[in-house]
Amino acid sequence: MQAALAALEANLPNILVVFKARGEAFIGSLTAAGEAATDLTVNHSGDIGAKGAVCAGTIGIAIVNATDNFTKSLSAAGSIAGAVNIK
């Protein structure tokens, strides 16, 4: 257990820096995809048909779920860093 904590203490700050940078890109991608799904369902549902509108709605739901999962992962990483007193 001590070895695992030592490994986390040594490596977690660098992992968190990378996670944050990639996380910002991930959120940017989710935002763009969400805006596209909303635009499709609100402004172009007649152009894409019923199946396309349902698909765009499903994409929106998946984006909401992915965002929630990402937020929880980031929170857990912060909790771990705090638990082992990493700044």
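Our subject is the structure listed above.
This report concerns the structure included in the present document. Every chain's residues receive numbers from 1 upward, in the order its sequence appears when written. Two thresholds apply to this predicted model, a pLDDT of at least 70 for residue-level local features and 80 or more for giving and counting side-chain atom pairs, whereas whole-chain, interface and lining totals are computed over all residues. Working from all heavy atoms in the structure, the side-chain values ignore hydrogens and water.

## Some thoughts on the overall build of the chain
Alright, step 1. Looking only at helices and strands, the chain has 2 helices and 0 strands in total.
Alright, step 2. As defined in this context, the radius of gyration uses C-alpha atoms, and a globule is described by 2.2 Å times the residue total to the power 0.38. Compactness check: the chain gives a C-alpha radius of gyration of 19 Å against a globular reference of 12 Å for 87 residues, more than 25% above the reference.
Alright, step 3. For the C-alpha atoms alone, the extent of the chain along its principal axes is close to 60 × 20 × 15 Å.
Alright, step 4. Pairs at least 24 residues apart make up 73% of the contacts formed inside the chain by residues separated by at least 6 positions.
Alright, step 5. What sets the accessible areas is the Shrake-Rupley method with a 1.4 Å probe; for residues, cover comes only from the shown protein chains. Carbon and sulfur atoms make up 65% of the accessible area of the chain, which totals about 6,000 Å².
Alright, step 6. In this tally Asp and Glu are treated as negative and Lys and Arg as positive; neither His nor the chain ends contributes. Think of each charge as sitting on NZ of Lys, CZ of Arg, CG of Asp or CD of Glu. Charge separation in the chain, taken as the distance between the mean sites of 5 positive and 6 negative side-chain charges, equals 9 Å. Strands here mean DSSP runs of E at least two residues long; helices mean DSSP runs of H or I at least four residues long; both are numbered from the N terminus. By the convention used here, residues are in contact when the closest approach between their heavy atoms is within 4.5 Å.

## So, the pattern of salt bridges
Alright, step 1. Counted as salt bridges are all cases of a side-chain nitrogen of Lys or Arg within 4 Å of a carboxyl oxygen of Asp or Glu. Taken as a whole and assessed by the stated rule, the structure comprises 1 salt bridge.
Alright, step 2. Where K72 meets D68, a salt bridge forms, and the shortest distance between an N and an O atom there is 3.1 Å. Within this pair, K72 and its partner D68 are both found in helix α2 (residues 45-83), separated by 4 residues, close to a single helical turn.

## Looking at the environment of F26
Alright, step 1. Along the polypeptide, F26 turns up in helix α1 (residues 2-43).
Alright, step 2. Along the sequence, F26 and A66 sit 40 residues apart, while their C-alpha atoms lie 9.8 Å from each other.
Alright, step 3. Setting aside its immediate chain neighbours within four residues, F26 contacts A66 and F70.

## A word on α1
Alright, step 1. The bend at a residue is defined as the angle formed between two axes, one fitted to the seven residues ending at that residue and one fitted to the seven starting there. Of all the bends in α1, the greatest reaches close to 45° and is centred on N11; the proline P13 follows between one and four positions later.
Alright, step 2. A 1.4 Å probe rolled over the protein chains alone gives each residue an accessible area, and that area as a share of the maximum for its type sets the label: buried under 20%, exposed over 50%, partly exposed in between. The complete set of buried residues in α1 reads L12, G23, L30, G34 and A37.

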